[in-house]
2 protein chains.
Amino acid sequence: MIEGHLHHVAYVVADIDEALPSFTERYGMTVSVREMMPAQGVEAVMMSAGPAGVELIRPTDPDGAIARFLASRGPGLHHVAYAVDDIQAALTGLAHEGVELIDAEPRVGLGGHLVAFVHPRSGMGALTELVQDHHPAP
Amino acid sequence: MIEGHLHHVAYVVADIDEALPSFTERYGMTVSVREMMPAQGVEAVMMSAGPAGVELIRPTDPDGAIARFLASRGPGLHHVAYAVDDIQAALTGLAHEGVELIDAEPRVGLGGHLVAFVHPRSGMGALTELVQDHHPAP
């Protein structure tokens, strides 16, 4: 048992500055972190949406996975993230259950949190992220 | 400004009982409400996932929109829901901004809450639900 809670949902967008007002002005969300993440070929922003977060991701590497997502599907939901207390223990437990992990080991994600992805085949058709985050809201 | 916060994410699944353990046993979520919703041609369950919710929806009407979603895409993310204090005021304001609404008027959704949907074309590529819910978590 991981005691996961909903941490954030993430959208892929073509232009963060163009997309932001649809969340900040329309829904009153506030930006909590914005980072260039060259290792992932993206720029990302996390907004606080009450008790959980909403992330926007735009491709910076035209050959990266997010650029391919945007080219093939257009903007849309990219992943759902659940917070866990101990990501390494969570990954070990999930692997033992036969869950198909994209990241067998955690890596550093947006905001410096440890993150790991679960394959959509093991995520009810949705790309699923685990986040080790001891803060109540992102 | 709506002061929206993330209320829940919803997945379409073929079989709720088969899907539930992936959330309840794997992530420790707890079921808060489960309802047959014949007007929508679905059965739905809401789980509490910390501060927000995770909903599972299965088609009961083989000719309904959820059955078509499942047939064409398989299980996966269906919508993201944001809570608003006054859904009628929110809908009026969004319509005034030119946001493309699926429901111009709120209707009763899972758990008896007032809900309305925004078209993916106005939801950053994602079907978006507004929920009038004064509870902190579903």
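In what follows, the structure referred to is the one given above.
Structure report, in brief. Treat the numbers as computed from the prediction; the structure is a model and nothing was measured. (Residues numbered from 1 in each chain as written. Chains lettered and ligands numbered in written order. Predicted model: local features only at pLDDT ≥ 70, side-chain atom pairs only at ≥ 80, totals over all residues. Heavy atoms only, no water.)

### A short note on unusual backbone geometry
Moving on, step 1. For Met124(A), which is not a glycine, the phi torsion comes out positive at approximately 55°.
Moving on, step 2. Classification of Met124(A) as buried rests on a relative accessible area of 17%. (Buried < 20%, exposed > 50% of the residue type's maximum accessible area, 1.4 Å probe, protein only.)

### Regarding the environment of Arg26(A)
Moving on, step 1. Along the chain, Arg26(A) turns up in helix H2 (residues 21–27).
Moving on, step 2. Given the relative accessible area of 13%, Arg26(A) is considered buried.
Moving on, step 3. Reaching out from Arg26(A), the side chain makes a polar contact with the backbone oxygen of Ser122(B) at a distance of 2.8 Å. (Helix = DSSP H or I, 4+ residues; strand = E, 2+ residues; numbered from the N terminus. Polar contact = N/O pair within 3.5 Å; in protein donor to acceptor, adjacent residues only side chain to side chain.)

### Some points on the relation of the copies chain A and chain B
Between the two copies of this chain, the relationship is a rotation about some axis together with a displacement along it.
Moving on, step 1. The transform that puts chain A on chain B rotates by 180° and translates by 0.0 Å along the axis, for an RMSD of 0.0 Å. Look at the turn and shift together and you get a two-fold axis relating the two. Taking C-alpha positions as the reference, the residue of chain A nearest the rotation axis is Pro51(A), at 2.8 Å.
Moving on, step 2. Comparing interface residues between copies, 100% of those in chain A also sit at the interface in chain B, which points to an isologous, same-surface contact. (Least-squares fit on C-alpha atoms with pLDDT ≥ 70 in both. Contact = heavy atoms within 4.5 Å.)

### Quick word on the interface of chain A and chain B
Moving on, step 1. Of the residues lining the interface, 40 residues belong to chain A; the matching set on chain B comes to 40 residues.
Moving on, step 2. The interface formed by chain A and chain B holds two salt bridges in total.
Moving on, step 3. Linking chain A to chain B there are eight residue pairs in polar contact (both at pLDDT 80 or more).
Moving on, step 4. Among the secondary structure elements, those contributing two or more residues to the side of chain A that touches chain B are strand E1 (5–12), H2, strand E4 (52–59), strand E5 (76–84), helix H4 (87–97) and strand E8 (128–132) of chain A.
Moving on, step 5. Tallying contributions element by element places H2(A) first for the side of chain A that touches chain B, with six residues.
Moving on, step 6. Class assignment of the residues belonging to the side of chain A that touches chain B gives a composition of 24 nonpolar, twelve polar and four charged. (Salt bridge = Lys/Arg side-chain N within 4 Å of Asp/Glu carboxyl O. Nonpolar A, V, L, I, M, F, W, Y, C, P; charged D, E, K, R; others polar.)

### Some details on the sheet that holds strand E6 (residues 107–108) of chain B
Two orientations exist for strands paired in a sheet by backbone hydrogen bonds: parallel and antiparallel.
Residues and elements named next belong to chain B.
Moving on, step 1. One open sheet accounts for eight strands, arranged E2-E3-E4-E1-E5-E8-E7-E6; its pairing is mixed. Of all strands in the sheet, those with a lone pairing partner are strand E2 (30–37) and E6, marking the two edges.
Moving on, step 2. For strand E7 (residues 114–118) and strand E8 (residues 128–132), the ladder comprises five bridges, and the chain directions are antiparallel. If you follow Val115 over to E8, its bridge partner there is Val131.
Moving on, step 3. Across the sheet, helix H3 (residues 65–73) is in contact with strand E1 (5–12), strand E3 (42–49), strand E4 (52–59) and strand E5 (76–84); its angle to E4 comes to roughly 90°.
Moving on, step 4. Where helix H4 (residues 87–96) meets the sheet, its contacts fall on E5, E7 and E8, and the angle it forms with E8 comes to roughly 145°. (Pairing = 2+ DSSP bridges. Axes fitted to C-alpha atoms, helices over the stretch in contact; angles between N-to-C directions.)

### Points about the pairing of E2(B)
Residues and elements named next belong to chain B.
Moving on, step 1. Of the strand pairs in this sheet, E2 and E3 are connected by seven bridges, and their pairing is antiparallel. The residue bridging Val31 from the neighbouring strand is Met47, located in E3.
Moving on, step 2. In textbook terms, the turn of a hairpin is the stretch between consecutive antiparallel strands, and for E2 and E3 this stretch comprises four residues, one of which, Gly41, has a positive phi near 70°.

### Let's talk about the sheet that holds E8(A)
All names here are of chain A.
Moving on, step 1. With mixed pairing, the eight strands of this open sheet are ordered in space as E2-E3-E4-E1-E5-E8-E7-E6. For this open sheet the edge positions go to strand E2 (30–37) and strand E6 (107–108), each flanked by a neighbour on one side alone.
Moving on, step 2. Relative to E4, strand E3 (residues 42–49) is paired through eight bridges, and the arrangement is antiparallel. When the sheet's bridge partners are listed, Ala44 is paired in E4 with Ile57.
Moving on, step 3. Docked against the sheet, helix H3 (residues 65–73) engages E1, E3, E4 and E5, running at close to 90° with respect to E4.

### Focus: the pattern of salt bridges
Moving on, step 1. Taken as a whole and judged by the stated rule, the model has twelve salt bridges over all chains.
Moving on, step 2. A salt bridge links Glu43(A) to Arg34(A), with the nearest nitrogen and oxygen atoms 2.8 Å apart.

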